[in-house]
Amino acid sequence: MTLSCRLEARPDGRDVEFVAYTYPPSAVFAALPMAPGAVLYESEAPTVLHVAPGRWFAPAASAATRSLLLACVAHGALVEVEGKRSRLDLCGPGATAVLCAAIDILAVLEGRGCAAVVLFDCPCWVARLADGYALWTHASYRPHLWAELHRLTAA
């Protein structure tokens, strides 16, 4: 059985993480996604992911996203993490079935835009896309995650 989906490695971007000094954060963070697993999207692309209590990830952060996070630096730390994580996109009608080989992704993302998960022994952040999922894993795990996802998409 061939699953109708595509796996794409995305180029590394100038990723940043923001960590609040205290949690729950103050009203100064109101422009950030505050609910657990909430995601801020721009043109259907995830721009700010609330990945853990008091912690946000901004993949390939644009100038506007950086400005949003810089407005909060009196209450937290903005850290450049370019090259720390690699992004893979898994899109198409079969994307959910591929991820379900490792985890019940529908249950994990129920009521959420993103979540921290482990796929095929690789720690990942996964976010919903219009037609699939964006996955970020540590750069050192990328070859293994790619191989496992590629195996399943080609099966």
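So, here is what we can say about the structure in this document.

Quick notes on the rules
Residues numbered from 1 in each chain as written. Predicted model: local features only at pLDDT ≥ 70, side-chain atom pairs only at ≥ 80, totals over all residues. Heavy atoms only, no water. 1 Å grid on protein atoms, 1.4 Å probe; cavity = no way out; pocket = protein on both sides within 12 Å on 5 of 7 lines; lining within 4 Å. Points joined across faces, edges and corners; volume = space filled by probe spheres on them. Nonpolar A, V, L, I, M, F, W, Y, C, P; charged D, E, K, R; others polar. Buried < 20%, exposed > 50% of the residue type's maximum accessible area, 1.4 Å probe, protein only. Helix = DSSP H or I, 4+ residues; strand = E, 2+ residues; numbered from the N terminus. Arc of directions from axis to C-beta. Pairing = 2+ DSSP bridges. Axes fitted to C-alpha atoms, helices over the stretch in contact; angles between N-to-C directions. Core = buried A, V, L, I, M, F, W, Y, C linked by side-chain atoms within 4.5 Å. Phe/Tyr/Trp six-rings, centres within 6.5 Å; stacked < 30°, edge-to-face > 60°.

## Considerations on the layout of surface pockets
Next, step 1: Of the volumes computed, that of the largest pocket is approximately 250 Å³.
Next, step 2: Residue lining of the largest pocket: 17 residues in total, with Arg10, Pro46, Pro59, Ala60 and Arg87 positioned closest to the centre.
Next, step 3: By residue class, the composition of the lining of the largest pocket is six nonpolar, five polar and six charged.

## Things to note about helix 1 (residues 63-70)
Next, step 1: When we look at burial in helix 1, the residues that qualify are Thr65, Arg66 and Leu69. The buried residues of helix 1 occupy an angular sector of 100° when the element is viewed end-on, so they sit on one face. Opposite the buried face of helix 1, by more than 90 degrees, sit the exposed residues Ala63 and Ala64.

## What to know about the sheet that holds strand 2 (residues 16-20)
Next, step 1: Strand order in this open sheet of five strands is 3-4-5-2-6, and the pairing throughout is antiparallel. Two strands lie at the open edges of the sheet, namely strand 3 (39-42) and strand 6 (76-80), each paired on one side alone. Each adjacent strand pair in this sheet contributes to an overall mean axis angle of 15°, direction not counted.
Next, step 2: Note that strand 4 (residues 45-52) and strand 5 (residues 55-58) share three bridges and pair antiparallel. In the strand pairing of strand 5, histidine 50 is matched with tryptophan 56.

## Some words on the nonpolar core
Next, step 1: Within the largest apolar cluster, 21 residues are counted, with the highest numbers of intra-cluster contacts made by Leu90, Leu99, Leu119, Val126, Tyr133, Leu145 and Leu149.
Next, step 2: Listed by contribution, the elements that provide at least two residues to this core are strand 7 (85-91), helix 2 (95-100), strand 8 (114-119), strand 9 (122-129), strand 10 (132-138) and helix 4 (142-154).
Next, step 3: Among the nonpolar cores identified, the runner-up in size contains twelve residues, and Val39, Val51, Cys91 and Cys114 belong to it.

## Some thoughts on the sheet that holds strand 10
Next, step 1: Read across the open sheet, the five strands follow the order 1-7-10-9-8; overall the sheet is antiparallel. Each edge of the open sheet carries a strand with a single partner, namely strand 1 (6-10) and strand 8. Ignoring strand direction, the axes of neighbouring strands in this sheet form an average angle of 30°.
Next, step 2: As paired elements, strand 8 and strand 9 share six bridges and run antiparallel to each other. Counterpart to valine 117 in the pairing with strand 9 is cysteine 124.

## What about the pairing of strand 4?
Next, step 1: Burial runs high along strand 4: six of the eight residues are buried.
Next, step 2: Counting the residues between successive antiparallel strands, the hairpin from strand 3 to strand 4 contains two residues, one of them, serine 43, with a positive phi of roughly 50°.
Next, step 3: Taking the residues that link successive antiparallel strands as the turn, the strand 4-strand 5 hairpin has two residues, and the phi of glycine 54 there is positive, at about 70°.

## Things to note about the packing of aromatic side chains
Next, step 1: The full count for this structure, using the stated rule, is five aromatic pairs.
Next, step 2: With 4.9 Å between their ring centres and 50° between their planes, phenylalanine 57 and tryptophan 125 make a pair best called tilted. Of this pair, phenylalanine 57 sits in strand 5 while tryptophan 125 sits in strand 9; the two residues are 68 residues apart in sequence, bridging distant segments of the chain.
Next, step 3: Residue classification places phenylalanine 57 among the buried positions, given a relative accessible area of 0%.

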